[in-house]
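The chain contents come next:
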Amino acid sequence: MRSLKIGGFLIGLVVLAALLSFVWTPFDPVKVDAAHRLLGFSGSHWFGTDKFGRDVLSQLMVGARTTLYVGVVAVGIAAVIGTPLGILAGMSPRWLGEFVMRVNDLVLAFPALLLAIMFGAVFGADTLTAMVAIGIATIPSFARIARSGTLQVMSTEFVLAARAGGRSRPTIAARHVLPNIAGLLIVQASVSFAIAVLAEAALSFLGFGTRPPTPSWGRMLQESQELLTVHPRLALVPGIAIAVAVLGFNLLGDGLRDRLDPRLAARV
Amino acid sequence: MILEARDLERRYARRDVHALRGVSFDVEAGQRFGIVGESGSGKSTLVRLLAALDRPTAGTVAFQGRRIDDLPERKLGFLRSELQIVFQDPMGSLDPRMRVRDIIAEPLGHRDPARVAELLVAVGLPADAAGRYPHQFSGGQRQRISIARALAPKPSVLIADEPVSALDVSVRGQILDLLDDLVSQFSLTLVFVSHDLGVVRHVCDRVAVMRRGEIVELGDVEQVYDAPEHEYTRELLAAAPSLRAALARLSEGGGDA
Amino acid sequence: MTLSVEGLTVGSLVRDVSFEIGAGERVGLIGESGSGKSLTALSIMGLLPDELSASGSVSLHGRELLGAPERELARLRGAELSMVFQEPMTALNPAMRVGRQVTEPIRVHGRPRRTAEELLEAVGLPDTARAYPHQLSGGQRQRVVLAMAVVNNPSLLICDEPTTALDVTVQAQILSLIQTSLPAESALLFITHDLAVVASVCERVLVMLDGEVVEAGSTREVLTAPKHAYTRKLLEASDLEARR
């Protein structure tokens, strides 16, 4: 399964960088060094330095932590709350399901960033509040996918057979619905991960996400804007890192989904 | 009287569809009761009502004298172990993510390797089928799995909803024979629903012909097929492509289509 | 010879299949699932899925179809060469009115204008031009599909189980419609698993099993005096009345 391997490899790189950053980074990522500002690629600073003289590679490594943290927390919240919500909506009487979906739509329509800003204002702005807010804003996507998948599974004959065999609804949800929508959810998770990472970038820029001086790929991207034409490197490096992480999760998601499907797994 | 249906009606308000418009009949224990109908006849709706998987808008269904159309799911446990269904679509009626042994044991609510093994033998599947997945089997074999599942709780009534329609012609005979054997072996009551007249004639003693939500003719198979009373029944019989008739025509000479 | 197939092979799914169909002939292709009958039809039309490729020769009026550029094949499809599939529910564009769809092959191939009403009436569907597919029954949809398939007087019409998904009373109507709508000089390749249907529609018959043609001959020969064991097995299985 190539997707699985490549995706796993890419994510592995990110995880490795993040873990390594706890014990060692080439330089102190937050230390300002005015004498060595805006240096290009070199032997000592592999990816150069930024406008404050901070080593880009070290920032990248510590930033990897934020990226993973962001992805996991936001997607975790969304999946853990959104999935059961969607399944319930899909298995309830139609009017109830529709009602829940309309409420869902309300949340969906609410701008995620605005929610994060509100949360920041109330609970204090930092990475965690931002991620919880984004997680909550992502719940509707999971709920929708879960519900539509549930409706499809509920209309199959094997669920009818399960009911005819005396299975209760909760059991049907757990044993038939969940395994059969897992693929959909995994793909949704990989998409949501990418969105969460980018949302964190925007929030960090606005001052409602990762507060300086803690490095974050998103903030590195935003900070590189003003010097884009002169030092494109400062945007390219974090940009590529984000792309690698997003691609890695997408491939991992695809590979996992295929792996979990007994029909496809058999052909491997 | 093991199954009694009285004035069953099923209307779908949202789509303004009258799937069943007053259907009544009795099925005696041990009988092989056929229900013939084309699309829109209401036969699938009827199957669900008989199995209490849906509620009628009017009318009653009774199983062994006890009404089942007005019972909540939690009180239907007794029915679930007495009445089982074999569905039409061999792929859709089996959860693709479950292994065969779990599929067959599902109506039992718990694992039972011994019973599963017993059932696999009864339906003519090899013992190692238990650990495999549905997609690894052919259509005919999947129907066998379906049948095994239906038999697991030792039901007294088996409802077969178009069990061979989705199968290849050469496999149909085997599955029909299997059903026939099992029904005899376990003294089951069989309700056989199909659009295929030939198949119903082959399997059943009594037949009800349905059209647009109503039973237009009901009687013993031989009688209905040889001396149909209702015009629709006659139309159905006439339209069914008969291989015998075609062969006879061809043999008579010169008749190339 | 309208259609000449020689040594058609698609992986291990269709193996060295050869047959010919002359103008005006009605030929049946019998087989069950996995026999390769549908793939054979798709090969003729050049509609095989991407992962599969056909080798051998398929020629229409002497013109080689296998390997022909897509543009050329597209010119033939819907005009010289057309196909009716099994599933009426998904055969039509749900977002386009039936009248527009039925005249589409005329527009696409630049043929002389005919009205939708005329074409639909010819298949027994007067006053349906403004309807959408979902408003029609399966049988009615097959009629529309059939109208589209014959509108440009194809040299070869392929029907792949066109009546299998339909009610039995409707089947008879569609079968008879196929026979009356098709111009006399057009050839018909009728694919089915139903022997009774083949007996009533086709003069010649080919029996396929596991990708190969195991028996071929006139309908009378093959069905009344089958030579191959599989043909005999099919005949026996189809004749349920004998089993009682």
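To be clear, the structure that these remarks concern was listed above.
Reading the values: rules and limits
Residues numbered from 1 in each chain as written. Chains lettered and ligands numbered in written order. Predicted model: local features only at pLDDT ≥ 70, side-chain atom pairs only at ≥ 80, totals over all residues. Helix = DSSP H or I, 4+ residues; strand = E, 2+ residues; numbered from the N terminus. Buried ≥ 20, exposed ≤ 12 C-beta atoms within 10 Å, placed from the backbone. Contact = placed C-beta atoms within 7 Å. Nonpolar A, V, L, I, M, F, W, Y, C, P; charged D, E, K, R; others polar. Pairing = 2+ DSSP bridges. Axes fitted to C-alpha atoms, helices over the stretch in contact; angles between N-to-C directions.

Student: I'm lost on the overall build of chain A in this one. Help?
Tutor: Each helix and strand counted, chain A has 10 helices and zero strands in total. Seen in sequence order, chain A has helices and strands lined up from the N terminus as α-α-α-α-α-α-α-α-α-α. Taking the principal axes of the C-alpha coordinates as reference, chain A spans close to 75 × 45 × 30 Å. By the burial criterion, 46% of the 268 residues in chain A qualify as buried.

Student: Sorry if this is basic, but what is going on with the interface of chain B and chain C here?
Tutor: Residue-level contacts link 25 residues of chain B with 32 residues of chain C. Tallied by class, the residues present in the side of chain B that touches chain C amount to 11 nonpolar, eight polar and six charged.

Student: Whenever I open this one, the sheet that holds strand β8 (residues 189-194) of chain B confuses me. Can you help?
Tutor: The strands making up a sheet associate through hydrogen bonds between their backbones, and the pairing can be parallel or antiparallel. All names here are of chain B. Ordered in space as β6-β7-β8-β3-β9-β10, the six strands form an open sheet in which the pairing is mixed. The sheet is open, and its two edges are formed by β6 (83-86) and β10 (214-220), each paired on a single side. Averaged over all pairs of adjacent strands, the angle between their axes in this sheet comes to 15 degrees, without regard to strand direction. Direction of pairing for strand β7 (residues 157-161) relative to β8: parallel, over a ladder of five bridges. In the strand pairing of β8, D161 is matched with V193.

Student: Would you mind showing me how to read unusual backbone geometry here?
Tutor: Residues other than glycine predominantly adopt negative phi, and peptide bonds predominantly adopt the trans conformation. Residue and element names in this part refer to chain B. A positive phi angle, near 50 degrees, is found at D7, a position not held by glycine. Structurally, D7 can be placed in strand β1 (residues 3-12). Assessed through the 13 C-beta atoms surrounding it within 10 Å, D7 is described here as partly exposed.

Student: I'm lost on the environment of N250 of chain A in this one. Help?
Tutor: Residues and elements named next belong to chain A. Relative to the helices and strands, N250 resides in helix α9 (residues 233-260). Residue class for N250 comes out partly exposed when judged on the 19 C-beta atoms lying within 10 Å of it. A sequence separation of 121 residues divides N250 from T129, and the C-alpha atoms of the two residues are 25 Å apart.

Student: Looking at this structure, I do not really get the interface of chain B and chain A. What am I missing?
Tutor: Reports often express the size of an interface as the amount of accessible area lost when the parts come together. With 21 residues of chain B at the interface, the matching set in chain A holds 16 residues. Listing elements by their share of the side of chain B that touches chain A, those giving two or more residues are α2 (77-82) and β6 of chain B. No other element matches the three residues that α2 of chain B contributes to the side of chain B that touches chain A. Broken down by class, the residue content of the side of chain B that touches chain A amounts to eight nonpolar, seven polar and six charged.

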